[in-house]
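Understanding the architecture of this molecule
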Amino acid sequence: MPRASEPVVEFRGVSKSYVLHGPPLGIKHTLLHLPAVLREARSRPVFMALDGADFTVERGECFGVLGPNGSGKSTLLALAAGALRPTRGEVIVRGHVCPLLETGAGFHGDLTGRENALLNGMILGLSRRQVRERLEGIRAFADIGSFFDEPLRTYSAGMVARLGFGVAVHTDPDLLLVDEVLAVGDEAFQERCLEHIDALRRRGTTMLIVSHDRRLLARHCDRVLQLRAGRIEALAPPDPSWLPARPGAA
Amino acid sequence: MLSAWRHHLELIAALVGKEFRIRYRSSLLGVLWSLLNPVCFALVLYAAFRPVLHVPTDDYVAFLLAGLFPWQWFANTVSSAPAVYLGNATLVKRTALPRMLLPIASATNHLVHFGVALGVALPALMLTGHRPAAVWLAGIPLLLLLQGAVCLGLALTLSALNVVLRDLEHLTLVILNLLFFMTPTLYPEEMVPEQLRAVFAVNPMYHLVPLWRHLVLDGRLDGPALAGAAACAVAALLLGLAVHRRLEARLAEGL
């Protein structure tokens, strides 16, 4: 359990760069120009996906990350999830993290919803017994009726998202990482997810939400980090102007 | 710390269970295929080689089977290893699941299949008049351990290496073909020319297949072959751990 005074997430001068490979050269070219190819391989250009990110996420905070495609949002989340390691700097995460990136990582089409939920829950850090005890809650949350015991390949995209989200919120994370997943699923389900996110927040769960939907972030987040080309452009409470003016107000 | 270990063991069991379910869910004969595969392979080889290859044994089918079961275990582990990380890309890219659990689960899966096959094949062997030998009690666990280590080491190596070098997937199959003919499965090990034995010895199955065959059919455990197998097991395991440790951090980016 993280102590209340310590931030749940700390990024200290974190950079992440990827080596660019260029177009594949083909075996003929590689063999004919081997020395040149090897020389170039040693000095390949790098792409800075995230450049010197410095910030902390406090306990219980809902922290938004906003930015256009390719600005480093997903890299930031993968670093917080522990899936990537930084090239430079240090990422510190205190407590149990539950990534809700691309719902249902590790789901398999031939397994039923129940079997997938069991395995996914364990992959996300629960013991077999804990998942068993929570299966009923997951089933109720996903609300996909008898499909729960059907193979996943018979599911619609929305149903897969429901199941994935159901498992994730039942892992009692200290930190929940949310990536655009809310885009799938119908309005009623999205509403329920957001309600659940609020409920988790009241229980003290810290959230890191990535989106390019300003409105969503403005509604839920305490602070929003804006990324552009891997650099932090701003870190501040969301701008009230992002919310649409309510009809009848003012 | 203890609970982390327990969680990892549970996860390996769950991942192996997943493989079993996926593989046999819509198949009629199910887990029987772990047995039928080597048996069918043995019949094919029997038909193909009995007329041309003179092997001094009165029961060539039993001879083939005793070698093919362990060979299939080895071949299945090695041929599926390069796909381990590629087939689980989302898990690697999106979660902090300890990477190594995936190749470990894959290797365990094939070990379990072999165990099932052995559990049926040994009683069947006794029905045909073979007597169980006391040395089985020590020999079977020992060979399981040695071949298990070989398989795990190669699974760790190939799964991680294939992420950065995709050609490996194809190379593996070619090399596996070569190794099959460098393994005394079709022929007794005495038929390997003296001057080639040192070369063949780098092949772990060169030691393990005769070991299994003599253990099961003749009730004996060969010392020199055992030493060779142990050396291969240690080498494979060290290679696997070194390669995997080196590449582990790059897996998520390579996928």
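This one's a predicted model, so the numbers in the text were calculated from it and none came from an experiment. (Residues numbered from 1 in each chain as written. Chains lettered and ligands numbered in written order. Predicted model: local features only at pLDDT ≥ 70, side-chain atom pairs only at ≥ 80, totals over all residues.)

1. Observations regarding the overall build of chain A
The secondary structure content of chain A amounts to eight helices and nine strands. Taken over 250 residues, chain A has a buried fraction of 41%. Of all intrachain contacts in chain A linking residues separated by at least 6 positions in sequence, the fraction that spans at least 24 positions is 77%. (Helix = DSSP H or I, 4+ residues; strand = E, 2+ residues; numbered from the N terminus. Buried ≥ 20, exposed ≤ 12 C-beta atoms within 10 Å, placed from the backbone. Contact = placed C-beta atoms within 7 Å.)

2. Side note on the overall build of chain B
Counting its secondary structure elements, chain B contains twelve helices and zero strands. Listed N to C, the secondary structure of chain B is α-α-α-α-α-α-α-α-α-α-α-α in terms of helices and strands. What you see for chain B is a C-alpha radius of gyration of 19 Å, in line with the 18 Å of a compact globule of 255 residues. Seen through its C-alpha atoms, chain B measures out along the principal axes to roughly 55 × 45 × 35 Å. By residue count, 38% of the 255 residues in chain B fall in the buried class. (Rg over C-alpha atoms; globule rule 2.2 N^0.38 Å.)

3. Structural notes on the environment of Lys 73 of chain A
Residue and element names in this part refer to chain A. Relative to the assigned elements, Lys 73 resides in helix 3 (residues 73–81). Using a count of 22 C-beta atoms within 10 Å as the deciding quantity, one classes Lys 73 as buried. With 13 residues separating them in the primary sequence, Lys 73 and Gly 60 have C-alpha atoms 21 Å apart.

4. A look at the interface of chain B and chain A
Chain B puts 19 residues into the contact, and the matching count from chain A is 22 residues. Listed by contribution, the elements that provide at least two residues to the side of chain B that touches chain A are helix 1 (2–24), helix 5 (89–94) and helix 12 (251–254) of chain B. Here the side of chain B that touches chain A gets seven residues from one element, more than from any other, and that element is helix 1 of chain B. Across the side of chain B that touches chain A, the residue classes tally to eight nonpolar, four polar and seven charged. (Nonpolar A, V, L, I, M, F, W, Y, C, P; charged D, E, K, R; others polar.)

5. Details of the sheet that holds strand 8 (residues 223–228) of chain A
All names here are of chain A. Here we have six strands laid out as an open sheet, ordered 5-6-7-3-8-9, and mixed in their pairing. The outermost strands of the open sheet, each flanked by one partner alone, are strand 5 (97–100) and strand 9 (231–236). In this sheet, adjacent strand axes meet at a mean angle of 15° when their direction is disregarded. With five bridges connecting them, strand 8 and strand 9 associate as antiparallel partners. Its bridge partner being in strand 9, Leu 227 is matched across the sheet by Ile 232. (Pairing = 2+ DSSP bridges. Axes fitted to C-alpha atoms, helices over the stretch in contact; angles between N-to-C directions.)

6. Some details on the sheet that holds strand 4 (residues 88–93) of chain A
Residues and elements named next belong to chain A. Strand order in the open sheet formed by three strands is 2-1-4, with antiparallel pairing between adjacent strands. With one partner strand each, in any of the chains shown, strand 2 (46–57) and strand 4 form the two edges of the open sheet. Averaged over all adjacent pairs, the angle separating strand axes in this sheet is 25°, with direction ignored. Of the pairings in the sheet, the one linking strand 1 (residues 9–19) to strand 4 comprises five bridges and is antiparallel in character. Among the inter-strand pairings, Arg 12 is bridged to a residue of strand 4, identified as Glu 90.

7. Observations concerning the packing of helix 7 (residues 136–164) of chain B against helix 11 (residues 223–247) of chain B
Residues and elements named next belong to chain B. At a minimum axis separation of 7 Å, helix 7 and helix 11 run at an interaxial angle of 30°. As summarised for this structure, helix 7 and helix 11 are arranged roughly parallel, according to the angle between their axes. For helix 7 against helix 11, the interelement crossing comes out left-handed. Residue-level inspection shows Leu 146, Ala 149, Val 150, Leu 152, Gly 153, Leu 154, Leu 156, Thr 157, Ala 160, Leu 161, Val 163 and Val 164 of helix 7 in contact with helix 11, the latter providing Ala 229, Ala 230, Cys 232, Ala 233, Ala 236, Leu 237, Leu 239, Gly 240, Leu 241, Val 243, His 244 and Leu 247. Class assignment of the residues belonging to the contact of helix 7 with helix 11 gives a composition of 20 nonpolar, four polar and no charged. (Parallel < 35°, antiparallel > 145°, perpendicular 65-115°, else oblique. Left-handed = near helix turned anticlockwise from the far one by under 90°.)

8. Quick look at the pairing of strand 8 of chain A
All names here are of chain A. Of the pairings in the sheet, the one linking strand 3 (residues 62–66) to strand 8 comprises four bridges and is parallel in character. Among the inter-strand pairings, Val 65 is bridged to a residue of strand 8, identified as Leu 225. Between the antiparallel neighbours strand 8 and strand 9 lie two residues, among them Ala 229 with a positive phi of about 50°.

9. Looking at helix 5 (residues 128–142) of chain A
Along an α-helix, residues three or four apart share an orientation, since each turn contains 3.6 residues. Residue and element names in this part refer to chain A. Given a rise of 1.5 Å per residue, 15 residues ought to cover 21 Å, and the 19 Å separating the end C-alpha atoms of helix 5 matches this to within 8%. Arg 134 marks where helix 5 bends most, by close to 45°. Those residues of helix 5 not exposed but buried are Val 131, Arg 134, Ile 138, Phe 141 and Ala 142. Looking at the buried residues of helix 5, the elements they touch are helix 4 (113–123) and helix 6 (157–169). In the stretch just after helix 5, Asp 143 is the one whose phi turns positive, near 55°. (Expected span 1.5 Å × (residues − 1). Bend = angle between axes of the 7 residues up to and from the residue.)

10. Let's talk about the environment of His 170 of chain B
Position of His 170 of chain B relative to the elements: it lies in helix 8 (residues 168–181). Along the chain, His 170 of chain B and Pro 82 of chain B lie 88 residues apart, while their C-alpha atoms are 9.2 Å from each other.

11. Section: the confidence of the model for chain A
Looking at chain A as a whole, the pLDDT averages 84, with 89% of positions reaching at least 70. Across chain A, element-level confidence peaks in strand 4 of chain A with a mean pLDDT of 94 and bottoms out in helix 1 (residues 27–32) of chain A with 73. (pLDDT = per-residue confidence, 0-100.)

12. Considering the packing of helix 7 of chain B against helix 10 (residues 204–218) of chain B
Two numbers describe a pair of packed helices, the interaxial angle and the distance between the axes. Residue and element names in this part refer to chain B. Viewed as axis vectors pointing N to C, helix 7 and helix 10 meet at an angle of 160°, and their least axial separation amounts to 11 Å. Looking at the two axes, helix 7 sits roughly antiparallel to helix 10. Where helix 7 crosses over helix 10, the handedness of that crossing is left-handed. Of helix 10, the residues touching helix 7 (which contributes Trp 136, Gly 139, Leu 143, Leu 146, Gln 147 and Val 150) are Pro 204, Leu 208, Leu 211, Trp 212 and Leu 215. In the contact of helix 7 with helix 10, the residues fall into nine nonpolar, two polar and no charged.

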